[in-house]
There are 2 protein chains.
Amino acid sequence: MPRLVDVAEAAQVSVATVSRALNNSRSVDPVLADRVRAAAAKLRYQPNAIARNLRRRGTRVWALVITNINNPFYTALARGVEEAASELGFSVLLYNTEEDEARERRYLDVAAQERVAGAVVVPRANNSEVSSLLAAGIPVVVVDRRLDRGGDFVTAASFEGAVTATEHLLHEQWRRPACISRPADTPTAEQRRQGYQAVVDRHGLPSVVCQIPFHAEEGVAMVDELLDGQEPPDSFLTVDSMLALVVLHALRHRRLRTGRDVGLISFDDAAWAQAVEPPLSVVAQPAYEIGVAAARLLSERICGSFDETGPRTVTMSTTLIVRGSSRRPPSSHG
Amino acid sequence: MPRLVDVAEAAQVSVATVSRALNNSRSVDPVLADRVRAAAAKLRYQPNAIARNLRRRGTRVWALVITNINNPFYTALARGVEEAASELGFSVLLYNTEEDEARERRYLDVAAQERVAGAVVVPRANNSEVSSLLAAGIPVVVVDRRLDRGGDFVTAASFEGAVTATEHLLHEQWRRPACISRPADTPTAEQRRQGYQAVVDRHGLPSVVCQIPFHAEEGVAMVDELLDGQEPPDSFLTVDSMLALVVLHALRHRRLRTGRDVGLISFDDAAWAQAVEPPLSVVAQPAYEIGVAAARLLSERICGSFDETGPRTVTMSTTLIVRGSSRRPPSSHG
DNA sequence: TTGTATGCGTTATCAA
DNA sequence: TTGATAACGCATACAA
């Protein structure tokens, strides 16, 4: 690969002039600049980012650490981050932790070693450690799941969304809603569970919570168990779209239909939500916008415009979208 | 951030020894090595990958260029690439082109400038240019969509998969299958269309092809138009799962039911395929495995073990999974 | 405005 | 086995 010196030689100028011309920094004679650009083009010169980074003491790369790339919520978020990053001139390193602590730790260390300019992180749990980044002076924007000690934070209003969803179920006259959630150390899932709990408590209804591990094959079996219980739930709030699929699967086995025999509402407006019959009611999160917002905060921190500002929190509101799956037909009341 | 010299000072040795101890290269006195490791730990030393890369003249980073991160097929593929890369000690830069030529070009240039060790690329079209990478001596593994001039290539058997799917539709006694595809410069979509075409041609049936742009809002309208035609199709083969959603949407409007009024089979076994009623028949592609295979080829090229070997092609076979949506009930024959 | 020369933090070569 | 030192390719301070 051609280097700056090669371009300099071809253009009959010094490396400094080439550097200046190519980075259009300061004043450089238009004639020389043209000669340099021509030479660079002819040689197909691509600046060496490694050397540039070393000299500038910083990369143009962000780390994006997510827990599950198969979850459409996170891919939408990733799209937002990547798009915003790209517009700001940053590349994005993708790290998929698969909800695994060891992997998360390793990835955060690697990101620190790569000297990323900043990181957007969905922590596995609320006690995850982003200190290797912070200690290196690398700004971190925590996303989706709150962190005990982190930097800026962007999330959706999980508690409120769950409250709205649960109240909606009750309003539809369902009387035994269950909450299908995730392990209790998953901040967002836990907040949604609490929102659900607050509502059923207030109505003096029993709380039925099922916490399904992320990698569980037995998710369907766990819901089955619930349905086999003495007083099975008559409706469900699932805290992510993959759990909605689990519930739908369990219901199908028993020929139970949503929007008639049981109620169902889920977090996340998945692409398929309107393809099932009846269409799935959801609490939609602005996943893409969350990603973009995180990117904005990160870029501000990197520019140093908010050096003295403490951690900022951006909470996006969720949207209740009532479709068919949560409705209770009049005939089945009581 | 502490540097090698800081560790050296703390451990009372030279930088060379620190470097050797930390990279456990060559022989270094166990006592000194311990002292070095202790000092490094105490200082929370994180090696500076930028400097290391400059010195070693190469990064431990791959570029992954995909066209649409919202397509579950590509996220599954990305997961495969990322996971394999991580095991091999590489980080992955994610570039999402959104099927946009200019973005693709820009991303490939940036990747070249970042001096990635290799790239896994889903080209937008068959005339996409990966030359900026190849010219830089960066190995490229092309994935999913064939490229006129590229490196190694990993894909699924699109033509054959489409043949199988179309034959299945005919076997179920559907008589006017349509192919819902993508613009003709999308290699994989085009191969699937050709597979479909080969079968209908052989049976003397009319070919009904609808090419829906990637970002089209009017997808549903285009399918509507098909259904409004003089002799509307009685069944559909969609070349990706997002098109299946489009068709399902159009059918719902007309209260047409798959597996009864019309037949439907789609490429890609999306997570929701079994959640619709009836469950969706699909031609499954091993997306994750394609990603892993691409990673393997790339790593072999990087190691230089296949320097003299010409471009290799790996074709994974697809799997026909017949569920309910493609069935034609006996009552509706003829 | 241009050129020379230095240093960014490592690794690797070479001599001790 | 260890240490001093020279690159790696670029950006910039400084001198011209």
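Criteria and thresholds
Residues numbered from 1 in each chain as written. Chains lettered and ligands numbered in written order. Predicted model: local features only at pLDDT ≥ 70, side-chain atom pairs only at ≥ 80, totals over all residues. Heavy atoms only, no water. Helix = DSSP H or I, 4+ residues; strand = E, 2+ residues; numbered from the N terminus. Rg over C-alpha atoms; globule rule 2.2 N^0.38 Å. Buried < 20%, exposed > 50% of the residue type's maximum accessible area, 1.4 Å probe, protein only. Contact = heavy atoms within 4.5 Å. Areas by Shrake-Rupley, 256 points an atom, 1.4 Å probe, with all protein chains shown as cover. Lys, Arg positive; Asp, Glu negative; His and termini not counted. Charge placed at Lys NZ, Arg CZ, Asp CG, Glu CD. Least-squares fit on C-alpha atoms with pLDDT ≥ 70 in both. Axes fitted to C-alpha atoms, helices over the stretch in contact; angles between N-to-C directions. Parallel < 35°, antiparallel > 145°, perpendicular 65-115°, else oblique. Left-handed = near helix turned anticlockwise from the far one by under 90°. Nonpolar A, V, L, I, M, F, W, Y, C, P; charged D, E, K, R; others polar. Core = buried A, V, L, I, M, F, W, Y, C linked by side-chain atoms within 4.5 Å. Phe/Tyr/Trp six-rings, centres within 6.5 Å; stacked < 30°, edge-to-face > 60°. Lys NZ or Arg CZ within 6 Å of the ring centre and 35° of its normal. Pairing = 2+ DSSP bridges. Right-handed = clockwise from strand over helix to strand, strands pointing away. Near = heavy atom within 4 Å. Polar contact = N/O pair within 3.5 Å; in protein donor to acceptor, adjacent residues only side chain to side chain. Arc of directions from axis to C-beta.

Caption draft 1: The arrangement of the overall build of chain A in detail. What chain A contains, in helices and strands, is 12 helices and 12 strands. The C-alpha atoms of chain A give 26 Å as radius of gyration, which overshoots the globular expectation for 334 residues (20 Å, by more than 25%). Looking at chain A residue by residue over its 334 residues, the buried ones come to 57%. In chain A, the proportion of contacts linking residues at least 24 apart, taken out of those at least 6 apart, comes to 66%. Here chain A displays about 14300 Å² of accessible surface, and carbon together with sulfur accounts for 48% of that area. Charged side chains in chain A number 38 positive and 40 negative. The centres of these two groups are separated by 7 Å.

Caption draft 2: A look at the relation of the copies chain B and chain A. When chain B is brought onto chain A, the operation consists of a screw motion whose angular component is 180° and whose axial shift is 0.0 Å, with 0.0 Å RMSD remaining. In the structure described here, the two chain copies are related by an operation that fits a two-fold rotation axis. Of the residues that chain B buries at the interface, 100% are likewise interface residues in chain A, meaning the two copies contact each other through the same surface.

Caption draft 3: Geometry of the packing of helix H1 (residues 4-11) of chain A against helix H3 (residues 30-42) of chain A. Residues and elements named next belong to chain A. At a closest axis distance of 9 Å, the pairing of H1 and H3 adopts a crossing angle of 120°. Put simply, H1 runs oblique to H3. Pair H1 / H3 crosses with right-handed handedness. For the pair H1 and H3, the contacting residues are Val7, Ala10 and Ala11 in the first and Arg35, Val36, Ala39 and Ala40 in the second. Taken together, the residues of the contact of H1 with H3 sort by class into six nonpolar, no polar and one charged.

Caption draft 4: Spotlight on the nonpolar core. By size, the foremost hydrophobic cluster in this structure holds 90 residues, and its most contacted members are Phe236 and Trp272 of chain A together with Phe236 and Trp272 of chain B. Filtering out sequence-adjacent residues up to four positions away, phenylalanine 236 of chain A remains in contact with Leu169, Ala178, Ile180, Val223, Leu226, Leu227, Val247, Leu251, Gly263, Leu264 and Ile265 of chain A. Counting 60 residues, the second largest nonpolar core, distinct from the first, contains Ala293 of chain A together with Ala76, Ala85 and Val141 of chain B.

Caption draft 5: How the structure looks around the packing of aromatic side chains. Tallied over the full model, the rule gives six aromatic pairs over all chains. Ring geometry for phenylalanine 73 of chain A against tyrosine 74 of chain A: centres 5.1 Å apart, planes inclined by 65°, an arrangement best described as edge-to-face. Judged by its relative accessible area of 4%, tyrosine 74 of chain A falls in the buried class. Look at tryptophan 62 of chain B and phenylalanine 90 of chain B: their rings are 4.8 Å apart centre to centre, the planes differ by 25°, and that puts the pair in the stacked class. Linking tryptophan 62 of chain B in strand S1 (residues 61-66) with phenylalanine 90 of chain B in the loop between helix H5 (72-88) and strand S2 (91-96), this pair joins segments that are 28 residues apart in sequence. Assigned by exposure class, tryptophan 62 of chain B and phenylalanine 90 of chain B land together as buried. Looking at arginine 60 of chain A, its charged tip hangs above the ring of phenylalanine 90 of chain A, at a distance of 4.0 Å from the centre.

Caption draft 6: Structural detail: the pairing of strand S9 (residues 263-267) of chain A. Residue and element names in this part refer to chain A. The buried fraction of S9 amounts to five of the five residues, a majority that puts the element mostly inside the structure. Of the two faces of S9, the one holding Gly263, Ile265 and Phe267 and the one holding Leu264 and Ser266 are both buried throughout. The pairing of strand S8 (residues 235-238) with S9 spans four bridges and is classified as parallel. Following the sheet pairing, serine 235 is matched in S9 by glycine 263. Remark: the S8/helix H11 (residues 241-253)/S9 crossover connection has right-handed handedness.

Caption draft 7: Representation of the environment of leucine 227 of chain B in the model. Residue and element names in this part refer to chain B. Its location among the elements puts leucine 227 in helix H10 (residues 219-228). Residue classification places leucine 227 among the buried positions, given a relative accessible area of 10%. Spatially, the C-alpha atom of leucine 227 lies 8.9 Å from that of alanine 250, the residues being 23 residues apart in sequence. Those residues in contact with leucine 227 that lie beyond four places of it in its chain are Pro232, Pro233, Phe236, Leu251, Arg254 and Leu256.

Caption draft 8: Inspection of the protein's contact with DNA strand D at higher detail. DNA strand D sits among 26 residues. The nearest are Leu4 and Arg55 of chain A together with Thr17, Ser27 and Leu32 of chain B. Near the protein, meaning within 4 Å, the atoms of DNA strand D are sugar or phosphate in a fraction of 65%, with bases accounting for the rest. Here a base nitrogen of DNA strand D and a backbone polar atom of alanine 51 of chain A are 3.4 Å apart. The greatest single-element share of the surface near DNA strand D, amounting to four residues, is contributed by helix H4 (residues 49-56) of chain A.

Caption draft 9: Representation of helix H2 (residues 15-22) of chain B within the structure. Residue and element names in this part refer to chain B. For H2, the full list of buried residues reads Thr17, Val18 and Ala21. Around the axis of H2, the buried residues are gathered within 100° of arc, so they sit on the same side. Buried-residue contacts for H2 involve helix H1 (4-11) and helix H3 (30-43). Just past H2, the residue asparagine 24 takes up positive phi, approximately 20°.

Caption draft 10: Here's a closer look at the sheet that holds strand S1 (residues 61-66) of chain A. Spatially, S11(A)-S5(A)-S4(A)-S3(A)-S1(A)-S2(A)-S2(B)-S1(B)-S3(B)-S4(B)-S5(B)-S11(B) is the arrangement adopted by the 12 strands of the open sheet, whose pairing is mixed. With partners counted over all chains shown, the strands left at the sheet margins are strand S11 (313-316) of chain A together with strand S11 (313-316) of chain B, one partner each. Strand-to-strand twist of the sheet, defined as the mean angle between neighbouring strand axes without regard to direction, takes the value 20°. Pairing between strand S2 (residues 91-96) of chain A and S2 of chain B: three bridges, direction antiparallel. When the bridges of S2 of chain B are listed, valine 92 of chain A appears paired with leucine 94 of chain B. Seen against the sheet, H5 of chain B touches S2 of chain A together with S1, S2, strand S3 (118-121) and strand S4 (140-143) of chain B and runs at an angle of roughly 175° to S1 of chain B.

Caption draft 11: Structural view of the protein's contact with DNA strand C. Inspection of the region around DNA strand C gives 26 residues, with Ser27, Leu32 and Arg55 of chain A together with Leu4 and Arg55 of chain B positioned closest. Each atom of DNA strand C within 4 Å of the protein belongs either to a base or to sugar and phosphate, the latter forming 68%. Aspartate 29 of chain A has a polar backbone atom sitting 2.9 Å from a phosphate oxygen of DNA strand C. A distance of 3.4 Å is found between a base nitrogen of DNA strand C and a backbone nitrogen or oxygen belonging to alanine 51 of chain B. Counting residues per element, the ones that place at least two in the surface near DNA strand C are helix H2 (15-22) and H4 of chain A together with H2 and helix H4 (49-56) of chain B. Of the residues forming the surface near DNA strand C, the biggest block, four residues, is contributed by H4 of chain B. Its residues assigned to classes, the surface near DNA strand C shows nine nonpolar, six polar and 11 charged.

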